[in-house]
Structures are given as structure tokens and as C-alpha cells.
Amino acid sequence: MTNTAVDPGWAGIIEVLVRALGGEVRWQPDSVVLGLPGHPCAARVADLDCLGLCLGRVGLPVVFDSSGVGGHDPSLAEFLRKLAESGLMAEAGRRVA
């Protein structure tokens, strides 16, 4: 379910990018929740940068669900750092079932 305040075009792009990265998106009334798996692969850097730019266009706070991250993933760590520096990161933590 997409937040009704979010442009459907940007929401669709974000959903496609996240699925291509093996993750999931959950739209909340006041935020977007990202669940991305960890993969120590440099080929993801460009995709994560593109995702960050799209999230910036949407402007909702990002909550990162780290339950899918197993090991150290430098590209994901850099992505989260950039989100935090841009002011988009609301919180990061593991989903509680």
C-alpha cells in the first residue's frame, strides 16, 4: 500500500529498485520502511545511490528494517550513512514480529 501523499511515479520507481536489490518496501502514513538484505557486493553501490536520490524526491522519513542484514555490507553501510547525512533517516532497527 502506497502512502497517498507520495507521487505514484516515484513510489513505483522506489518499489522496483528495492525489489531489484532483493528487498521490500512498506509504506506508512508518515514514513517509508525499507527492508534490504546485506550483500557484500560493490555492484550495488549505483543502485543504492539511485534509491537514495529517489527517496530524497519523495521526502518521507526512512525507517530501515535491518532484520535481513546478516553480515558486514560496506555498500549498505555507506547508503545508510548518506541517508542519515541527508536528514532522511528516521531510524534503523530490527522488525519485531
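Refer to the structure above for everything that follows.
Numbers given for residues are sequential positions, taken from 1 along each chain in its written order. The predicted origin of the model limits local features to residues at a pLDDT of at least 70 and limits the giving and counting of side-chain atom pairs to 80 or more, whereas totals for whole chains, interfaces and linings rest on all residues. By convention in this description, side-chain values take in all heavy atoms of the structure and omit both hydrogens and water.

### Focus on the overall build of the protein chain
- Every helix listed is a DSSP run of H or I at least four residues long, and every strand listed is a run of E at least two residues long, numbered separately from the N terminus. Looking only at helices and strands, one finds three helices and four strands in the protein chain.
- Of the regular secondary structure in the protein chain, the N- to C-terminal order runs α-β-β-α-β-α-β.
- Only protein chains enter the calculation, and the probe is 1.4 Å; a residue is then buried if its accessible area is under 20% of its type maximum, exposed if over 50%, and partly exposed in between. For the protein chain, with 97 residues in total, the buried portion stands at 39%.
- What makes two residues a contact is simply this: any of their non-hydrogen atoms within 4.5 Å. Counting contacts in the protein chain only where the partners sit at least 6 residues apart, residues at least 24 apart contribute 72% of the total.
- Using a 1.4 Å probe, the Shrake-Rupley method yields the accessible areas, and only the shown protein chains count as cover for residues. For the protein chain, the exposed surface amounts to about 5,400 Å²; the carbon and sulfur share of it is 59%.

### Some words on the packing of helix α2 (residues 45-58) against helix α3 (residues 74-86)
- Angles shown run from 0 to 180 degrees and are taken between the N-to-C directions of axes, each axis being a line fitted to C-alpha atoms and, for helices, limited to the stretch in contact. Viewed as axis vectors pointing N to C, α2 and α3 meet at an angle of 20°, and their least axial separation amounts to 10 Å. The orientation of α2 relative to α3 falls into the category roughly parallel. Considering the relative orientation of α2 and α3, their crossing is right-handed. Note on element contacts: α3 touches α2 through S75, L76, F79, K82 and L83, opposite V45, L48, D49, L51, G52 and L55.
- Each residue is assigned to one class: nonpolar for Ala, Val, Leu, Ile, Met, Phe, Trp, Tyr, Cys and Pro, charged for Asp, Glu, Lys and Arg, and polar for all the others, Gly among them. In the contact of α2 with α3, the residues fall into seven nonpolar, two polar and two charged. In what follows, roughly perpendicular refers to angles from 65 to 115 degrees, roughly parallel to angles under 35, roughly antiparallel to angles over 145, and oblique to any angle outside these ranges. Crossing handedness follows the turn of the near helix against the far one: under a right angle anticlockwise gives a left-handed crossing, and clockwise gives a right-handed one.

### What to know about the nonpolar core
- Nonpolar cores are built from buried Ala, Val, Leu, Ile, Met, Phe, Trp, Tyr and Cys residues. Side-chain atoms within 4.5 Å join them into one set. One finds I14, W27, L34, L36, L51, L55 and F79 to be the most contacted residues of the largest nonpolar core, which totals 25 residues.
- Here L34 is in contact with V18, E24, V25, L51, L55, V62, V63, F64, D65 and F79, once residues within four sequence places are set aside.

### Digging into the state of the cysteines
- By disulfide we mean two sulfur atoms from cysteines, separated by a distance within 2.5 Å. Overall, the coordinates contain zero disulfides when judged by the stated rule.
- No disulfide involves C50; its nearest neighbouring cysteine sulfur is the one of C54, lying 4.4 Å away.
- The class for C50 is partly exposed, based on a relative accessible area of 33%.

### Things to note about the environment of V6
- In this structure, V6 sits in the segment before α1 (8-20).
- Its relative accessible area of 8% is what places V6 among the buried residues.
- V6 sits 21 residues away from W27 along the chain, and the two C-alpha atoms are 9.4 Å apart.
- Those residues in contact with V6 that sit more than four places away from it in its chain are A11, W27, V58 and L60.

### Regarding the packing of α1 against α2
- Packing of α1 against α2 leaves a shortest axis separation of 10 Å and a crossing angle of 155°. Judged by the angle between their axes, α1 and α2 are roughly antiparallel. Judged by the sense of rotation from one axis to the other, the crossing of α1 with α2 is left-handed. Between α1 and α2, the residues in contact are W10, I13, I14, L17 and V18 and C50, L51, C54, L55, R57 and V58, respectively.
- In terms of residue class, the contact of α1 with α2 is made up of ten nonpolar, no polar and one charged.

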